Amino acid sequence: MIAVVLVVAAMNPVNIDHVRIDIQEIKRKVKEIVVISGKGGTGKTSIVASFASLAQNAVLADCDVDAADLHLVLDPHIKRSQDFYGGKKAYIDPEKCTGCGMCVEMCRFEAIIEDGKLKNQDSNIYKIDPIGCEGCGVCAYFCPVTAITMEPQKNGKLFISEMRYGPMVHAKLGIAEENTGKLVALVRENAREIARKEGADYIIVDGPPGVGCPVISSITGADIILIVTEPTVSGLSDLKRVEKLARHFNIPATVCINKWDINPSISEKICDYCDKHQIRVLGKIRYDNAFTKAQIMKATIPEYTSGYLADEIKSVWGRLQQQLIELPSAIQ
Ligand code: SF4
Ligand code: SF4
């Protein structure tokens, strides 16, 4: 559809100003880059923070909400925050409960426990164990006297902040709280909104590790994925899983090998795997304890050093931008 519009625009540039406007809109489309890794500890967050300092006009989204740490490096100033209600838990009204025990029978999570006896009767009354309750709502559905209601639960907090390189959206999930995927979606939604309003070129997402629900929530609809991996047997196996996930959702995946020189032979295997599966390796970064030192100093790598390490990260960022231009869907 876009290609057709472009051809028409080129053939008849006089009477189609409205078409030109549409093309400008398309050109301005913010590009969403998600940086993920099969597991934690690959240096993903340091690389994302470095990209933030290299991008001229980006919104940063920390979607690693289970273990958010981008803020430790970028030290954002919180402008706005809001509570996040991601799920519900059951509540039994002790005034209404007749102690029939139906809910206990129906709850497969064994989250309904005795809470004493009904006045002047032998029957038990029950209460919900909030840790065990998964919020499925089965008990509320089956309770014959509608004594059970499903109550919204505060699972965490969302923050809209400003850091030294622009806007940042991040979040904090409560201890032992769930619904990470929903919170990730909320972070991305807010980042997109800010990017649209401010005319940003990029949204850079620090995605969660693994291949579970929060990762899926981080990558769906993104323009490109950068998988940060390290040269270990588990690193290669994690890379394969993450890449399959990206393929499943039809999102172009690229790879960056961090600490490649700690095991050159596995680094080579990673490159071979990528070659075989048409995945672009955008760069290899050498091991350097400047990663740790920069984090301690709350600095990004290009802020901390101007040496080879910064050059290697800059080169990955440059190639990532180039990949976005070369994407079949991109209009430049
Ligand atoms: S099903 Fe309803 S009435 Fe029966 S024990 Fe549970 S809460 Fe009480
Ligand atoms: S909502 Fe589901 S998990 Fe929670 S107490 Fe009711 S049946 Fe059990």
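Residues numbered from 1 in each chain as written. Chains lettered and ligands numbered in written order. Predicted model: local features only at pLDDT ≥ 70, side-chain atom pairs only at ≥ 80, totals over all residues.

Time to look at the overall build of the chain. A tally of regular secondary structure across the chain gives 13 helices and eleven strands. The long-range fraction of contacts in the chain, counting pairs at least 24 apart against all pairs at least 6 apart in sequence, stands at 74%. (Helix = DSSP H or I, 4+ residues; strand = E, 2+ residues; numbered from the N terminus. Contact = placed C-beta atoms within 7 Å.)

The next point concerns the site of ligand 2. Taken together, 14 residues surround ligand 2, and among them Ala90, Cys107, Cys133, Cys136 and Cys139 come closest. Within the shell around ligand 2, the residues separate by chemical class into eleven nonpolar, two polar and one charged. (Near = placed C-beta within 6 Å. Nonpolar A, V, L, I, M, F, W, Y, C, P; charged D, E, K, R; others polar.)

A word on the site of ligand 1. Surveying the vicinity of ligand 1 reveals 13 residues, the closest of which are Cys97, Cys100, Met102, Cys103 and Cys143. Grouping the amino acids of the shell around ligand 1 by side-chain chemistry returns ten nonpolar, three polar and no charged.

With their axes 10 Å apart at the nearest point, helix α9 (residues 233–248) and helix α10 (residues 264–276) run at an angle of 15° to one another. When the axes of α9 and α10 are compared, the pair comes out roughly parallel. Here α9 and α10 pass one another in a crossing that is right-handed. Taking contact as the criterion, the partners of Val233, Leu236, Leu239 and Lys240 in α9 are, on α10, Ile266, Lys269, Ile270 and Tyr273. Among the residues forming the contact of α9 with α10, the class breakdown is six nonpolar, no polar and two charged. (Axes fitted to C-alpha atoms, helices over the stretch in contact; angles between N-to-C directions. Parallel < 35°, antiparallel > 145°, perpendicular 65-115°, else oblique. Left-handed = near helix turned anticlockwise from the far one by under 90°.)

With that out of the way, let us pick up the nonpolar core. With 75 residues, the main nonpolar core has Ala52, Val187, Ile203, Ile204, Ile225 and Leu226 as its most contacted residues. In this structure Ile203 touches Val30, Glu32, Ala58, Val59, Ala61, Ala191, Arg192 and Ala195, once residues within four positions along its chain are discounted. Counting residues in each nonpolar core, the second largest holds 14 residues, with Cys107, Tyr126, Cys143 and Ile148 among its members. (Core = buried A, V, L, I, M, F, W, Y, C linked by C-beta atoms within 7 Å. Buried ≥ 20, exposed ≤ 12 C-beta atoms within 10 Å, placed from the backbone.)

Within the secondary structure, Ser46 is located in helix α3 (residues 44–54). Given 25 C-beta atoms within a 10 Å radius, Ser46 is considered buried. C-alpha of Ser46 to C-alpha of Ala299: the two residues are 253 residues apart in sequence and 9.0 Å apart in space. Residue contacts for Ser46: discarding those within four places in its chain leaves Phe291, Ala294, Gln295 and Ile301.

A positive phi is found at Lys259, a non-glycine position, where the angle reads about 55°. The class for Lys259 is buried, based on 20 C-beta atoms found within 10 Å. Residue Lys298 is not a glycine yet carries a positive backbone phi of 55°. By the secondary structure assignment, Lys298 is in the loop between α11 (290–296) and α12 (301–304).

Right, let's get into the confidence of the model for the chain. Of all residues in the chain, 88% attain a pLDDT of 70 or more, and the chain-wide mean is 86. Note on residues 1–26: pLDDT under 50 across the span, and 13 contacts to partners over four residues away in sequence or across chains. (pLDDT = per-residue confidence, 0-100.)

Further remarks concern the packing of α3 against helix α13 (residues 308–326). One can describe the packing of α3 onto α13 by two numbers: an axis separation of 10 Å at closest approach and a directional angle of 75°. Between α3 and α13, the angle is such that the two are roughly perpendicular. Counted together, Ile47, Ser50, Phe51 and Leu54 of α3 and Ile313, Lys314 and Trp317 of α13 form the full contact between these two elements. Classifying every residue of the contact of α3 with α13 gives five nonpolar, one polar and one charged.

Turning our attention to the sheet that holds strand β1 (residues 31–37). Strand pairing in a sheet relies on backbone hydrogen bonds. The paired strands run either parallel or antiparallel. Strand order across the open sheet formed by nine strands is β3-β6-β7-β2-β8-β1-β9-β10-β11, with mixed pairing between neighbours. The sheet terminates laterally at β3 (77–92) and β11 (280–285), the two strands that pair on one side only. Neighbour to neighbour, the strand axes of the sheet diverge by 20° on average, direction disregarded. The sheet contact formed by strand β2 (residues 58–62) and strand β7 (residues 166–173) spans two bridges and is parallel. Bridging across to β7, Leu60 finds its partner in Met168. Across the sheet, helix α7 (residues 180–198) is in contact with β2, β3, β6 (148–163), β7 and β8 (202–209); its angle to β7 comes to roughly 165°. (Pairing = 2+ DSSP bridges.)

Glancing now at α7. A rise of 1.5 Å per residue sets the reference length of α7, with its 19 residues, at 27 Å; its end C-alpha atoms lie 27 Å apart and thus fit the reference within 8%. Every buried residue of α7 is accounted for by Thr180, Leu183, Val184, Leu186, Val187, Arg188, Asn190, Ala191, Ile194 and Ala195. Those residues of α7 hidden inside the fold are in contact with β2, β3, β6, β7, β8 and α8 (213–219). After α7 finishes, the residue Gly199 shows a positive phi value of roughly 65°. (Expected span 1.5 Å × (residues − 1).)

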